[in-house]
Amino acid sequence: MAAPPRALRNGLPGSGGRPCPFPKWRRRRQRVTAAGGGASGSRAAPLPWQRAGSGGGMEPAGMEPAGMGMEPAGMEPEPAGMGTAGMGVERAGMGTAGMEPAGTEPAREAEEPPGSPALPAEPRQAGPPGAAAPGEGALPGASGRERERGRRGAGAGQGQGGRAARGRARRAPGRRGGDEGGRRPGVTVDSSKAKTSLEALKISLRQLRWKEFPFGRRLPCDIYWHGVSFHDNNIFSGQVNKFPGMMETVRKITLSRAMRTMQDLFPLEYNFYPRSWILPEELPLFVAEVRVMKDSDPSWKPTFIVKPDGGCQGDGIYLIKDPSDIRLTGSIQSRPAVVQEYICKPLLVDKLKFDIRLYVLLKSLEPLEIYIAKDGLSRFCTEPYQEPTLKNLHQVFMHLTNYSLNIHSENFIHSDSVNTGSKRTFSSILCRLSSRGADVKKLWSDIISLVIKTIIALTPELKVYYQSDIPSGKPGPTCFQILGFDILLMKNLKPMLLEVNANPSMRIEHEQELSPGVFENVPSPVDEEVKVAVIRDTLRLVDPQKKKRKDAQCPRLEHVPESSESLPDAVPAERPEPDGPRSPEAGLPSLCLKQVFPKYAKQFSYLRLVDRVAALFIRFLGVKGTTKLGPTGFRTFIRNCKLSNSNFSMAAVDILYIDITRRWNSMGIDHKESGNTGMCLQAFVEAFFCLAQKKYKSLPLHEQVLSLIEFCECHLAALDEKRLLWGWGVPERRGGTGGPCQAEGLHLSPAAPALLNRTATASKLADYRTQRN
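Model, not experiment: these values are computed from the prediction.

Draft legend 1. Spotlight on the packing of aromatic side chains. Throughout the structure, instances matching the rule amount to 19 aromatic pairs. For the pair Phe 266 and Tyr 606, a centre-to-centre distance of 5.7 Å together with 90 degrees between the ring planes defines the contact as edge-to-face. Taken together, the positions of Phe 266 in the loop between helix H7 (252–265) and strand E5 (276–279) and Tyr 606 in the loop between helix H15 (601–604) and helix H16 (609–619) put the pair 340 residues apart, joining distant regions of the chain. The exposure class of Phe 266 is buried, given its relative accessible area of 5%. You can call Tyr 606 partly exposed: its relative accessible area is 39%. Linked through ring pairs, Phe 617, Phe 620, Phe 634, Phe 637, Tyr 657, Phe 684 and Phe 688 together constitute an aromatic cluster. The positively charged end of Lys 423 is found above the aromatic ring belonging to Tyr 403, 3.7 Å away from the centroid. In this structure, Arg 424 packs its charged tip against the face of Phe 380, placed 4.2 Å from the ring centre.

What follows is the structure, given as structure tokens:
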């Protein structure tokens, strides 16, 4: 077979090496028509290099753009740089279909998992038995057959029609936005940082038939699964299963402060969190309050539990009966702790104390979207429970439900049944309670209310960290996260929040001691049943291709209308898919995650006061990427919101800022910017509450804060409108595409009427507040 002339490498024959005047796609179309693959069935005259020799599939080197992953109809796939089809020369270890020059990225189809569902393909036409099936590409075992065909040369099976059929078959899966019979590219997941959740993640990906990259990937992935936290500045797209700052937000001290703030505003709504004090800074307050309570009620004999701030798995936890029993000789100064009232009357099952690990998915922060798993884990102590006394305070297997502690007890029972053993499913406990006549539906409603209120308390701090790591306007991933809520049921079935875990264990095996000091990992059916379902359905909810599939099908209602009903005790089955292409989720169980927010947002929206205070804080941060407010930003906040007057001068503003900031910075909280000076969010909230109490003295605290929030928002809306009208620009303006107004004639942009209406409403509210004062 003759090689193509040198002039063909850069242009048409006889062109003197000048580039071909036709684009590459038109040249491919000419080759397709010449091969008899045209739509009309007419056969055009072959091009000059197609007439040369018997190799009808001859193609000049470099004519096909790299990275296409498909061949034109009628052309046999060739290794990069080869000019003659059917030469039989291949690079070792490489297939024929979609082959590219060295250094280029593989075709998208080559990234499909072997188990991806393939839709019906086009029927094969006259071609050799070794031709690749649609969507398969070239399998490694096909290289021998390709070399055999190369030695045989062009034959009846290598004709123009056969090559055209194989070319169409290979190209069909790669067509974009057209053929419904083509296979969609699978979702890609980077699991290189999954750590302990890797095994459950692998099972979930196999069930979903998604593509896993256990060692990372140079190209961007759709989802990045991290095991501990998210601190990767090299991810600019996709989704990450961790929120920046979540670990700091749910630490015991930060959580206790957030819950205390909400308890000050709404004491009845947040009575599910035990009374807490922070050590060592609040030790004198703790001693004084306990003394006062004992004096007022001599029969009160409390027990307290001390938890280190950064501790986990039961590390450093101990019980005390009196504040004088706190271990101050240890590392309490370098390792702060939280001391809480111990719940002495928990619900018992089989005379054992237990807690509940419930999995919660925070799917989105703005807008807030929360899902709760319908099942969880119940973790049991291994010794019969007795109310704490001085004799049994140190019996951790009786009082502490931590799995990592009780697994070392000789009474720990590994069971393959969900109804027995030291670790069971929460649904088995509910069935047992229901058989005793307990109101399981009300219990579920209380648990859901607890979860939503806790997330509302945590989101203000989380938003500050989020805007610091992923500022608005810059490329970055979207985030979601699975949280572990540890809940204890009291004897009257009231749920009490113990703590929130940013990295709940997703291991589906446990360690079994074969001999002293020798352990073996044994599968745990209870863990696998719960955790694999949570991970799999989390991935289904954040599936980046889900919206595309829904847009192609009939629209369905995604959000249930807001209702005052309680959460049902079971998750309803998903609605059947409409007729059409088979859904990738076909055959999977119904979702084990139930949306609770914004479904029940109407019942809890009034609690989001601190969220609105955090929005004011973020607005005046000034420099993006910081989490602390400087003195200039605080003065700007006071000035723009018109909070200074003759009774509260700017000098008093500076004193307020210095006093609160200095006290919070002296606490030595382990924040990301603990070394920097400035006012953190919690300090700003305290200052905001102080301003509200000064301005609205005769109202309850939550009404004082609400009034000041509305007052500030009204003045800022009026300021934004003024800036928009005079072309100054609105800082941190989200939404709307209208530009600034022109000076001459005040030609308003399309966004201006809405802002004017908002300003009119704001003015009315401001007038109302002024009259009430």
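From this point, things continue past the structure.
Draft legend 2. Geometry of the environment of Leu 539. With respect to the helices, strands and loops of the structure, Leu 539 is situated in helix H13 (residues 525–541). Considered as a pair, Leu 539 and Asn 241 are 298 residues apart in the sequence and their alpha carbons are 9.5 Å apart. Excluding residues within four positions of it along the chain, Leu 539 makes contact with Leu 201, Ser 204, Leu 205, Leu 208, Trp 210, Ile 223 and Trp 225.

Draft legend 3. Highlighting the pattern of salt bridges. On inspection of all chains with the given rule, the structure shows 27 salt bridges. Taking the shortest distance from any N to any O, the salt bridge between Arg 251 and Asp 309 comes out at 3.1 Å. Of the two residues, Arg 251 is situated in the loop between helix H6 (246–249) and H7 and Asp 309 in the loop between strand E6 (304–308) and strand E7 (318–320); the sequence distance between them amounts to 58 residues. Between Asp 355 and Arg 379 there is a salt bridge, with its nearest N and O atoms 2.8 Å apart. Taken together, the residues Asp 355 in strand E10 (residues 352–364) and Arg 379 in strand E12 (residues 377–380) connect sequence positions 24 residues apart. Exposure class is identical for Asp 355 and Arg 379. Each is buried.

Draft legend 4. Spatial organisation of the pairing of E10. Burial analysis of E10 places 12 of its 13 residues in the buried class, which makes it a mostly covered element. Where strand E9 (residues 348–349) folds back on E10, the antiparallel hairpin that results is connected by 2 residues, among which Asp 350 adopts a positive phi of roughly 60 degrees. Bridge count for E10 against E12 is 4 bridges, and the pairing is antiparallel. Paired with Ile 356 across the strands is Ser 378, a residue of E12. Across 7 bridges, E10 lies against strand E15 (residues 481–489) in antiparallel orientation.

Draft legend 5. Geometry of the nonpolar core. Phe 485, Phe 634, Phe 637, Phe 688 and Val 705 are the most contacted members of the largest nonpolar core, which has 105 residues in total. The element contributing the most residues to this core is helix H12 (residues 440–469), with 14 residues. Core analysis: the second largest hydrophobic core is formed by 33 residues, Leu 201, Ala 373, Leu 377 and Val 532 among them.

Draft legend 6. View of helix H17 (residues 631–640). Along H17, the residues that are buried comprise Gly 633, Phe 634, Phe 637, Ile 638 and Asn 640. On its buried face, H17 sits against H16, helix H18 (650–666), helix H19 (681–695) and helix H20 (701–725).

Draft legend 7. Highlighting helix H5 (residues 198–208). Among the residues of H5, Ala 200, Leu 201, Ile 203, Ser 204, Leu 205 and Leu 208 are the ones counted as buried. Structurally, H5 contributes buried residues whose contacts are with strand E1 (188–193), strand E2 (211–213), strand E3 (223–226) and H13. Looking one or two places after H5, you find Arg 209, whose phi comes out positive at around 60 degrees.

What counts and what doesn't
- Residues numbered from 1 in each chain as written.
- Predicted model: local features only at pLDDT ≥ 70, side-chain atom pairs only at ≥ 80, totals over all residues.
- Heavy atoms only, no water.
- Phe/Tyr/Trp six-rings, centres within 6.5 Å; stacked < 30°, edge-to-face > 60°.
- Helix = DSSP H or I, 4+ residues; strand = E, 2+ residues; numbered from the N terminus.
- Buried < 20%, exposed > 50% of the residue type's maximum accessible area, 1.4 Å probe, protein only.
- Lys NZ or Arg CZ within 6 Å of the ring centre and 35° of its normal.
- Contact = heavy atoms within 4.5 Å.
- Salt bridge = Lys/Arg side-chain N within 4 Å of Asp/Glu carboxyl O.
- Pairing = 2+ DSSP bridges.
- Core = buried A, V, L, I, M, F, W, Y, C linked by side-chain atoms within 4.5 Å.

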